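# Structure at a glance
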Amino acid sequence: MKHIAILGSTGSIGTQTLDIVDQNEDLKVVALAAGSNITLLERQARKYQPSLVAVWDEAKASELKRHLSDTEIRVCAGMDGLLAVATLEESEILVTAIVGMLGIRPTIAAIEAGKDIALANKETLVTAGHIIMPLAQKHQVSILPVDSEHSAIFQSLNGERHNKIDKILLTASGGPFRGKTYEDLEQVTVEDALHHPNWSMGRKITIDSATMVNKGLEVMEAKWLFGVTPGQIEVVVHPQSILHSAVQFEDGAVIGQMGVPDMRLPILYALFYPQRRTLYAEELNLFSVGTLTFERPDLETFYGLSLAYDALDAGGNVPTVFNAANERAVAKFLDGQIRFLQIPEIIASSMEEIFYKEDPTLEEILETETATYDFIESRW
Ligand code: NAD
Ligand code: MG
């Protein structure tokens, strides 16, 4: 029996993780956390019988506590709740499937408590990779990537640990606006941007795919996970989303992982690594796919992606500024307060404006986040 805890159980990755639990009798859910959707969380709690659930919102947590008063399940709130879920004694692996930098502290706490991490929350490595990776090594825990591209790279590196990586070929679907010009994007609506061609995901990451900022965050994530330089990470637009990424070695061999776009495969792989399990899902049929195509990204139209390389080159707290500015800009776009093309504009201005800090501590990362939010509030 493998005991798992999930941060963000009501979201896209969270519910797909529970789907994997349904398919594998030797997985036991011991703790769940969510933001505010207590209707779904209560249903999950009754079905999986964890010993602990956490809700970010205090009032909602009290309400859920009343609802679950006929059970033995403990209910916690706020950051204390997330930390309790992350460090629960009986859990062995934590799935980090919440959105945003809020994921950093619970992830650090889980590593210190010796839990392996199935990492979906990409903001953690983007902003605090320099803290997380050495900490994981110190506590001898595994960071198992859940992001499909990083899972593909991780799978491609199996048995290759001692061979030098020449480069990583990080694939991108190109999102709903692939092939469009900058001018074409002036009038796009929230609805247009939420319409991803291949993947069904949470709202924030879907907008990030439309701007290609998501790929920028993934370049940063890849740098930390696989110890390569930004120059070794090449983004390849592959509209069919069948090759989920690949590694090119010194001898020119390219090893990649293919499959239908289904996040449950990387989740399953992370939960049982190095073992593979049956996934009850659609299988890849190369005959029906027919053609796989590859293109260079359009870095002028989707300049959020080149800003990510700039942020990586600058290092220090600049990736945090990039991430926080994007987070706030996407929220404003989803709220109808700014236009689509203002998202990269806001990121670029924030990167120019916010103070620089080399090798930031966790406190300095969080200060950078606040400073970025304040700057954006004062201007937009
Ligand atoms: P989502 O919006 O569907 O779900 C987010 C989850 O986090 C929900 O359960 C929500 O209740 C919870 N949450 C939000 N704020 C919270 C808070 N303050 N406290 C506790 N819980 C909170 O998001 P998602 O698409 O599942 O993405 C989750 C993470 O995984 C993101 O970092 C995303 O970049 C990454 N990711 C997602 C996908 C995907 O296919 N969805 C793929 C790769 C990586
Ligand atoms: Mg991805």
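Residues numbered from 1 in each chain as written. Chains lettered and ligands numbered in written order. Predicted model: local features only at pLDDT ≥ 70, side-chain atom pairs only at ≥ 80, totals over all residues. Heavy atoms only, no water.

## With respect to helix α1 (residues 12-23)
Helical periodicity: at 3.6 residues per turn, an α-helix aligns residues three or four positions apart in one direction. Here α1 is 12 residues long and its end C-alpha atoms lie 17 Å apart, about the 16 Å a rise of 1.5 Å per residue gives. Every buried residue of α1 is listed here: Ile13, Gly14, Gln16, Thr17, Leu18, Ile20, Val21 and Gln23. Contacts from the buried residues of α1 go to β1 (2-7), β2 (27-34), α2 (38-48), β5 (93-96) and α11 (264-272). (Helix = DSSP H or I, 4+ residues; strand = E, 2+ residues; numbered from the N terminus. Expected span 1.5 Å × (residues − 1). Buried < 20%, exposed > 50% of the residue type's maximum accessible area, 1.4 Å probe, protein only. Contact = heavy atoms within 4.5 Å.)

## Points about the domain arrangement of the protein
Along its sequence, the protein is carved into domain 1 (2-145), domain 2 (150-314) and domain 3 (315-380). Computed from C-alpha atoms alone, the centre-to-centre distance between domain 1 and domain 3 is 26 Å. Counting from both sides, the interface comprises 11 residues of domain 1 and, opposite them, 11 residues of domain 3. Buried area between domain 1 and domain 3, summed over both chains or domains, comes out near 870 Å², and the portion from carbon and sulfur atoms is 72%. Taken together, domain 1 and domain 3 are joined by 0 salt bridges. Linking domain 1 with domain 3 are 1 residue pair in polar contact (both at pLDDT 80 or more), by the criterion used here. (Domains from an automatic or database assignment. Buried area = accessible area lost by both parts, 1.4 Å probe. Salt bridge = Lys/Arg side-chain N within 4 Å of Asp/Glu carboxyl O. Polar contact = N/O pair within 3.5 Å; in protein donor to acceptor, adjacent residues only side chain to side chain.)

## A closer look at the site of ligand 1
Among the 23 residues in the neighbourhood of ligand 1, the closest are listed as Thr10, Gly11, Ser12, Gly35 and Leu102. Between an oxygen atom of ligand 1 and a side-chain N or O atom of threonine 10, the distance comes to 2.7 Å. For ligand 1, the protein covers 86% of the area, taking 820 Å² as the surface of the free molecule. Here the shell around ligand 1 spans two domains, and each of domain 1 (2-145) and domain 2 (150-314) adds at least three residues to it. (Near = heavy atom within 4 Å. Areas by Shrake-Rupley, 256 points an atom, 1.4 Å probe, with all protein chains shown as cover.)

## A few points about the side chain of glutamate 160
Inspection of the secondary structure assignment puts glutamate 160 in the loop between α7 (148-156) and β8 (165-172). In this structure, glutamate 160 is buried with no salt-bridge partner, the nearest side chain bearing the opposite charge being arginine 161 at 9.5 Å. The contact partners of glutamate 160, leaving out residues within four places of it in the chain, are Phe249 and Ile255. (Lys, Arg positive; Asp, Glu negative; His and termini not counted.)

## Some words on unusual backbone geometry
Note that the residue after tyrosine 273, namely proline 274, is joined by a cis bond; omega there is 5 degrees. Inspection of the secondary structure puts proline 274 in the loop between α11 and α12 (286-289). A positive phi is found at aspartate 359, a non-glycine position, where the angle reads about 45 degrees. Along the chain, the position of aspartate 359 falls in the loop between α15 (342-353) and α16 (362-379).

## Brief notes about the sheet that holds strand β3 (residues 52-55)
Sheet strands associate in pairs through backbone hydrogen bonding, adopting either a parallel or an antiparallel arrangement. What the 7 strands build is an open sheet, ordered β4-β3-β2-β1-β5-β6-β7; its pairing is parallel. Every interior strand has two partners, whereas the edge strands, β4 (74-77) and β7 (143-145), have only one. Strand-to-strand, the axes of this sheet are offset by a mean angle of 20 degrees, without reference to chain direction. Where β2 meets β3, 4 bridges bridge the pair, whose relative direction is parallel. Pairing of alanine 31 across the sheet is with leucine 52, part of β3. (Pairing = 2+ DSSP bridges. Axes fitted to C-alpha atoms, helices over the stretch in contact; angles between N-to-C directions.)

## Comments concerning the coordination of the magnesium ion (ligand 2)
Distances from the magnesium ion (ligand 2) to its protein donors, Asp147 (OD), Glu149 (OE) and Glu218 (OE), fall at 2.1 to 2.2 Å. Mapping the donors of the magnesium ion (ligand 2) onto the primary sequence gives the spacing D-x1-E-x68-E. Of this pair, aspartate 147 sits in the loop between β7 and α7 while glutamate 218 sits in helix α10 (residues 213-226), placing them 71 residues apart in sequence. We classify aspartate 147 as buried; its relative accessible area is 7%. (Donors = N, O, S within 2.8 Å, 3.2 Å for Na, K, Ca; no water.)

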